[in-house]
Amino acid sequence: MTTARNRTRQVTLLGILTALCVALRIVKIPFPNVQPVTDILMIVTLLLGVSAGLLLAVSTMVISNIFLGFGLWTLPQIGAYALCILLVALVKWLLPLTRWFWLQLVIATALGFVYGFLISIGMAAIGSLGGVGFWAYFLAGIPFDAYHAVGNLLFYPLLKKPLTIMLKKYWKRDA
């Protein structure tokens, strides 16, 4: 049974993680699409489940786009992250993903390209680009997807252990 205290802790954790993701998404570094948000979403999904990952993805995209620019592209961003989270959950269900760090690293890296592909599908649907327009949009985005993938590859090993320790300690207090 979920107590009011547990519910408050869940909302608080979501708020803290959202603030972290928003801040890290807004911070500008010299390379486009290099940010640890995808890695954080993957780690949260692995440790706390799909619903926590989805809530974090939606709240991060909506709040960060208030600062970065809110428009129709927000919908494909939310949809792409939702499908990435579901993909992580599917791989976790099929394989012992939480035991194999190397596989987590491969998945995190691949999510940079998966996210870009899904964004291209969403933008093509919104813009009525059609088949040729989709491929032009997708191919033009590959360098940015590569930056995203390399960023995920670099950030994941840095974030995995501290975020895992923090999330486990936070939930252990309720036990």
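Residues numbered from 1 in each chain as written. Predicted model: local features only at pLDDT ≥ 70, side-chain atom pairs only at ≥ 80, totals over all residues. Heavy atoms only, no water.

### Examining the overall build of the chain
Here's step 1: For the chain, the count of helices and strands is six helices and zero strands.
Here's step 2: Starting at the N terminus and walking to the C terminus, you meet the elements of the chain as α-α-α-α-α-α.
Here's step 3: In terms of C-alpha radius of gyration, the chain reaches 16 Å, essentially the compact-globule figure of 16 Å for 175 residues.
Here's step 4: The principal-axis extents of the C-alpha atoms in the chain amount to approximately 55 × 35 × 30 Å.
Here's step 5: Looking at the 175 residues of the chain, the share that counts as buried comes to 41%.
Here's step 6: When the accessible area of the chain is evaluated, it comes to approximately 9600 Å², of which 75% is carbon and sulfur surface. (Helix = DSSP H or I, 4+ residues; strand = E, 2+ residues; numbered from the N terminus. Rg over C-alpha atoms; globule rule 2.2 N^0.38 Å. Buried < 20%, exposed > 50% of the residue type's maximum accessible area, 1.4 Å probe, protein only. Areas by Shrake-Rupley, 256 points an atom, 1.4 Å probe, with all protein chains shown as cover.)

### So, the nonpolar core
Here's step 1: Met42 and Ile107 are the most contacted members of the largest nonpolar core, which totals 35 residues.
Here's step 2: By residue number, the principal contributor to this core is helix 5 (residues 101-127), which donates nine residues.
Here's step 3: When residues no more than four places from it in sequence are discounted, the contact partners of Met42 are Val88, Gln104, Ile107, Ala108, Leu111 and Tyr156. (Core = buried A, V, L, I, M, F, W, Y, C linked by side-chain atoms within 4.5 Å. Contact = heavy atoms within 4.5 Å.)

### Looking at the packing of helix 2 (residues 37-48) against helix 5
Here's step 1: At a minimum axis distance of 10 Å, the contact between helix 2 and helix 5 shows a crossing angle of 135°. Judged by the angle between their axes, helix 2 and helix 5 are oblique. Crossing of helix 2 against helix 5: the hand is right-handed. For the pair helix 2 and helix 5, the contacting residues are Thr38, Asp39, Met42 and Leu46 in the first and Gln104, Ile107, Ala108 and Leu111 in the second. (Axes fitted to C-alpha atoms, helices over the stretch in contact; angles between N-to-C directions. Parallel < 35°, antiparallel > 145°, perpendicular 65-115°, else oblique. Left-handed = near helix turned anticlockwise from the far one by under 90°.)

### Quick look at a nonpolar patch on the surface
Here's step 1: Taken together, the side chains of Leu87, Leu90, Trp93, Leu94, Leu95, Trp100, Trp102 and Val106 present a nonpolar region at the surface, about 860 Å² in accessible area.
Here's step 2: Elements with a minimum of two residues in the nonpolar patch: helix 4 (74-94) and helix 5.
Here's step 3: Per-element accounting of the nonpolar patch gives the leading share, four residues, to helix 4.
Here's step 4: Its place among the elements puts Val106 in helix 5. (Patch = residues over 30% accessible without salt bridge, like charges linked within 9 Å, V, L, I, M, F, W, Y side chains within 5 Å. Salt bridge = Lys/Arg side-chain N within 4 Å of Asp/Glu carboxyl O.)

### Re helix 2
Here's step 1: An ideal rise of 1.5 Å per residue puts 16 Å on 12 residues; helix 2 measures up with 16 Å between its terminal C-alpha atoms.
Here's step 2: The element helix 2 is extensively covered by neighbouring structure, given that 10 of its 12 residues are classed as buried.
Here's step 3: Buried within helix 2 are the following residues: Val37, Thr38, Asp39, Ile40, Leu41, Met42, Ile43, Val44, Thr45 and Leu46.
Here's step 4: Where helix 2 ends, the next residue or the one after it, Gly49, has phi of about 105°, a positive value. (Expected span 1.5 Å × (residues − 1).)

### Digging into the packing of aromatic side chains
Here's step 1: Within the structure shown, the criterion is met by nine aromatic pairs.
Here's step 2: Ring centres of Phe101 and Tyr156 lie 5.8 Å apart, and the angle between their planes is 35°; this geometry places the pair in the tilted category. Placement of the pair is Phe101 in helix 5 and Tyr156 in helix 6 (residues 130-172), with a sequence separation of 55 residues.
Here's step 3: With a relative accessible area of 0%, Tyr156 lands in the buried category.
Here's step 4: Note on Phe134 and Trp135: the rings are 4.8 Å apart at their centroids and 70° apart in plane angle, and the pair reads as edge-to-face.
Here's step 5: Overall, the relative accessible area of 10% leaves Phe134 in the buried class.
Here's step 6: Residue Trp135 is classed as partly exposed on the basis of its relative accessible area, which comes to 47%.
Here's step 7: When the ring centre of Tyr170 is taken as reference, the NZ or CZ atom of Arg9 above it lies at 4.2 Å. (Phe/Tyr/Trp six-rings, centres within 6.5 Å; stacked < 30°, edge-to-face > 60°. Lys NZ or Arg CZ within 6 Å of the ring centre and 35° of its normal.)

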